[in-house]
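So the chains spell out like this:
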Amino acid sequence: MIPKYQSVGVAIATLLTEWLVTMVQLYMVRRDFGFKTILSQSTHYWLAGMIMFMITITIEQMFSPTIIHTGVIAIIGGAVYIGILLGMRDSVLMGV
């Protein structure tokens, strides 16, 4: 897949691998944590992630595809994500 599709193949392979790792981890802790518990405790992160995604996609359209612009977008995305979690008074982030 990677030699044929190059960077898109790498992105797809990475996404599938991360998904598989997450599913294995959920399976391994299924007796310790219920799926509903995990889902309810992660709503802040899902919401912050979706908002960050929308903002970074919008910003991306303003820049040309260079390594510097990619770094700037990543820094902005990280700041937005952390800012949203701080605004929501996330217990994990506030405890750090």
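Each remark here, short or long, concerns the structure printed above.
Residues numbered from 1 in each chain as written. Predicted model: local features only at pLDDT ≥ 70, side-chain atom pairs only at ≥ 80, totals over all residues. Heavy atoms only, no water.

> An account of the packing of aromatic side chains is requested, with residue identities and associated values reported.
One pass over the full model with this rule turns up zero aromatic pairs. Positioned above the aromatic ring of Y27, the side-chain terminus of R30 is 3.9 Å from the ring centre. (Phe/Tyr/Trp six-rings, centres within 6.5 Å; stacked < 30°, edge-to-face > 60°. Lys NZ or Arg CZ within 6 Å of the ring centre and 35° of its normal.)

> Provide a residue-level description of the packing of helix α3 (residues 43-60) against helix α4 (residues 67-87), including the pertinent values.
It is at 9 Å that the axes of α3 and α4 come closest, and there the two elements cross at 150°. When the axes of α3 and α4 are compared, the crossing they make is right-handed. Contacts between α3 and α4 involve H44, Y45, A48, G49, I51, M52, I55, T56, I59 and E60 from the former and I73, I76, G77, G78, V80, Y81, I84 and L85 from the latter. Tallied by class, residues from the contact of α3 with α4 come to 12 nonpolar, five polar and one charged. (Axes fitted to C-alpha atoms, helices over the stretch in contact; angles between N-to-C directions. Helix = DSSP H or I, 4+ residues; strand = E, 2+ residues; numbered from the N terminus. Left-handed = near helix turned anticlockwise from the far one by under 90°. Contact = heavy atoms within 4.5 Å. Nonpolar A, V, L, I, M, F, W, Y, C, P; charged D, E, K, R; others polar.)

Read these as layout, nothing more, since geometry by itself doesn't imply function.
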